[in-house]
Amino acid sequence: MVQYTGKFPIPRPDVNEDTIEYWQLLQETKQLHVQKCKNCGTYSHPPRPICHHCRQYQLEWVPMSGKGTVYSYVIYHRSVHPGFEVPYEVVLVELEEGVRIISNMVDCEPDEVYIGMPVEVVVDQVFEDIALPKFKRREQ
Ligand SMILES: [Zn+2]
């Protein structure tokens, strides 16, 4: 799990016109939402203005189950930011809907993570105005 050193400000996500609804929905509903194309049904993540499959602009926000499995992961032994304590893991989670999201675990050490590990989303209120989607272990 990522732990913060407290010596430096925690880096904030990039909130821009393409991502602001993603962050607002997570903050307000405490549920992970992903864009889905109204034309072809393809999910898009990270947020973008256009469907990467059919190039239409008709994207809507839909809630995710929050359940998935670890598709891949890496363990950082040198931090990319002085606000993070090492070691920590970065996981690539494949949600039940097929969407993959990069995140961190909240309840295990880096060497406990494995590919195929069942996980579910946790909304971590890291900042007063922005929560981050992270993951915890779940029973199969
Ligand atoms: Zn589409």
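In this text, all values refer to a predicted model and were calculated from it rather than measured experimentally.

Calculation rules
Residues numbered from 1 in each chain as written. Predicted model: local features only at pLDDT ≥ 70, side-chain atom pairs only at ≥ 80, totals over all residues. Heavy atoms only, no water. Buried < 20%, exposed > 50% of the residue type's maximum accessible area, 1.4 Å probe, protein only. Helix = DSSP H or I, 4+ residues; strand = E, 2+ residues; numbered from the N terminus. Pairing = 2+ DSSP bridges. 1 Å grid on protein atoms, 1.4 Å probe; cavity = no way out; pocket = protein on both sides within 12 Å on 5 of 7 lines; lining within 4 Å. Points joined across faces, edges and corners; volume = space filled by probe spheres on them. Nonpolar A, V, L, I, M, F, W, Y, C, P; charged D, E, K, R; others polar. Salt bridge = Lys/Arg side-chain N within 4 Å of Asp/Glu carboxyl O. Polar contact = N/O pair within 3.5 Å; in protein donor to acceptor, adjacent residues only side chain to side chain. Contact = heavy atoms within 4.5 Å. Phe/Tyr/Trp six-rings, centres within 6.5 Å; stacked < 30°, edge-to-face > 60°.

### A short note on the pairing of strand β1 (residues 33–37)
Of all 5 residues making up β1, 4 are buried, and the element is well covered by its neighbours. Inspection of the sheet shows β1 paired to strand β3 (residues 59–63) by 5 bridges, in the antiparallel sense. Within β3, the position partnered with Cys37 by the bridge is Leu59. Across 2 bridges, the pairing between β1 and strand β2 (residues 43–44) is antiparallel. Bridging from a neighbouring strand, Lys36 pairs with Tyr43 of β2. Taking the residues that link successive antiparallel strands as the turn, the β1-β2 hairpin has 5 residues, and the phi of Gly41 there is positive, at about 85°.

### Quick notes on the layout of surface pockets
The computed volume of the largest pocket comes to approximately 680 Å³. Around the largest pocket sit 26 residues that line it, and Trp23, Ile102, Ser103, Asn104 and Leu132 are the ones nearest its centre. Mapped by element, the contributors of at least two residues to the lining of the largest pocket are α1 (20–29), β5 (88–95), β6 (100–103) and β8 (132–137). Top element by residues in the lining of the largest pocket is β6. It accounts for 4 residues. Looking at the lining of the largest pocket residue by residue, the classes come out as 18 nonpolar, 5 polar and 3 charged.

### Examining the pattern of salt bridges
Counted according to the given criterion, the structure contains 5 salt bridges. Linking Arg12 and Asp129 is a salt bridge whose minimum nitrogen-to-oxygen distance equals 3.0 Å. Of the two residues, Arg12 is situated in the segment before α1 and Asp129 in the loop between β7 (118–124) and β8; the sequence distance between them amounts to 117 residues. For Arg12, a relative accessible area of 44% translates into the label partly exposed. Residues Glu94 and Arg100 are paired through a salt bridge, measuring 2.9 Å at the closest nitrogen-oxygen approach. A network of salt bridges, in which partner residues are shared, links Asp107, Glu112 and Arg137.

### A word on the side chain of Lys134
If you trace the backbone, Lys134 turns up in strand β8. Looking at Lys134, the relative accessible area reads 3%, which means it is buried. A polar contact is formed between the side chain of Lys134 and the side chain of Tyr4, at a distance of 2.8 Å. When neighbours within four sequence positions are excluded, Lys134 is seen to be in contact with Tyr4, Ser103, Asn104, Val106, Glu120, Val121, Val122, Asp124 and Val126.

### Here we look at the packing of aromatic side chains
This structure, assessed with the given rule, holds 5 aromatic pairs. Summarising the aromatic geometry, the rings of Tyr76 and Tyr88 are spaced 5.2 Å apart at their centres and angled 5° between planes, so their arrangement reads as stacked. Taken together, the residues span a long stretch of sequence, with Tyr76 in strand β4 (residues 67–76) and Tyr88 in strand β5 at a distance of 12 residues. Looking at Tyr76, the relative accessible area reads 30%, which means it is partly exposed. Residue class for Tyr88 comes out buried when judged on its relative accessible area of 3%. Centre to centre, the rings of Phe84 and Tyr88 are 5.4 Å apart; their planes meet at 65°, and the pair counts as edge-to-face. Exposure class is identical for Phe84 and Tyr88. Each is buried. Three or more aromatic residues link up through ring pairs in this structure, and these residues are Tyr4, Tyr76, Phe84 and Tyr88.

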